[in-house]
Amino acid sequence: MSEYYLWLKSLPVEALSEEFTRINNKTNTTQSPYKNHAQLALLYAIPKAIQHNPYTSKTILNQIDKSHFSVFDLAFIELLSEQLNQQIIALNKNVLSTKALEDIQKENENLKEQVNKLTTQINQLKSIERDIQPQELN
């Protein structure tokens, strides 16, 4: 698994897409789907791949029957799974932060509108006050 991952990392984006198609087709037709599913999970885990999706990669890894793997491959899969967990947590935090930032920006725009309205009202009141003061002096 680790050799396959290193090989994937060395591929250009176009070749990764071709490998994704090849493995995806092979997953549905071979006698050893556990290995192909693991390879598919690795493809989804590659950040530069067009199909990059840590959620899908993690889901595939969770569904794999790990009894078919060597200790070394199992260790690699477990490490990748932990890394994907961390990436998913970071992505979720990023989504929440982005949402919070959007909410703050909307609130800021609303406050700016209120300030502008209040400034306009203050200016109108000052104008009325100036109009009234000369009349009081007479």
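Located above this text is the structure these notes cover.
Below, the structure is looked at part by part. Predicted model, so just to flag it, every value in this text is computed and none were measured.

Structurally, the α-helix is built with 3.6 residues per turn, so residues lying three or four positions apart point the same way. Restricting attention to buried positions, one finds in helix 4 (residues 54-63) the residues Pro 54, Ser 57, Lys 58, Ile 60 and Leu 61. The buried residues of helix 4 occupy one face: seen down the axis, they fall within an arc of 160°. Two or three places before Tyr 55, at the start of helix 4, stands the capping residue Asn 53, its side-chain oxygen 3.0 Å from that residue's backbone nitrogen.

Turning our eyes to something else, we now look at the side chain of Ser 57. Along the polypeptide, Ser 57 turns up in helix 4. Residue Ser 57 is classed as buried on the basis of its relative accessible area of 0%. Only 2.7 Å separates the side chain of Ser 57 from the backbone oxygen of Ala 41, close enough to count as a polar contact. The contact partners of Ser 57, leaving out residues within four places of it in the chain, are Ala 41, Tyr 44, Ala 45 and Leu 84.

Now for the pattern of salt bridges. Taken as a whole, this structure holds 3 salt bridges when the rule is applied. The residue Arg 22 makes a salt bridge to Glu 19 at a minimum N-O spacing of 2.8 Å. On the criterion of helical spacing, the pair formed by Arg 22 and Glu 19 is a turn pair, its members being 3 residues apart in helix 2 (residues 13-27). Overall, Arg 22 belongs to the partly exposed group, its relative accessible area being 40%. Across the pair Asp 103 and Lys 99 runs a salt bridge, and its minimum N-O distance is 2.9 Å.

What counts, and at which threshold
Residues numbered from 1 in each chain as written. Predicted model: local features only at pLDDT ≥ 70, side-chain atom pairs only at ≥ 80, totals over all residues. Heavy atoms only, no water. Buried < 20%, exposed > 50% of the residue type's maximum accessible area, 1.4 Å probe, protein only. Helix = DSSP H or I, 4+ residues; strand = E, 2+ residues; numbered from the N terminus. Arc of directions from axis to C-beta. Polar contact = N/O pair within 3.5 Å; in protein donor to acceptor, adjacent residues only side chain to side chain. Contact = heavy atoms within 4.5 Å. Salt bridge = Lys/Arg side-chain N within 4 Å of Asp/Glu carboxyl O.

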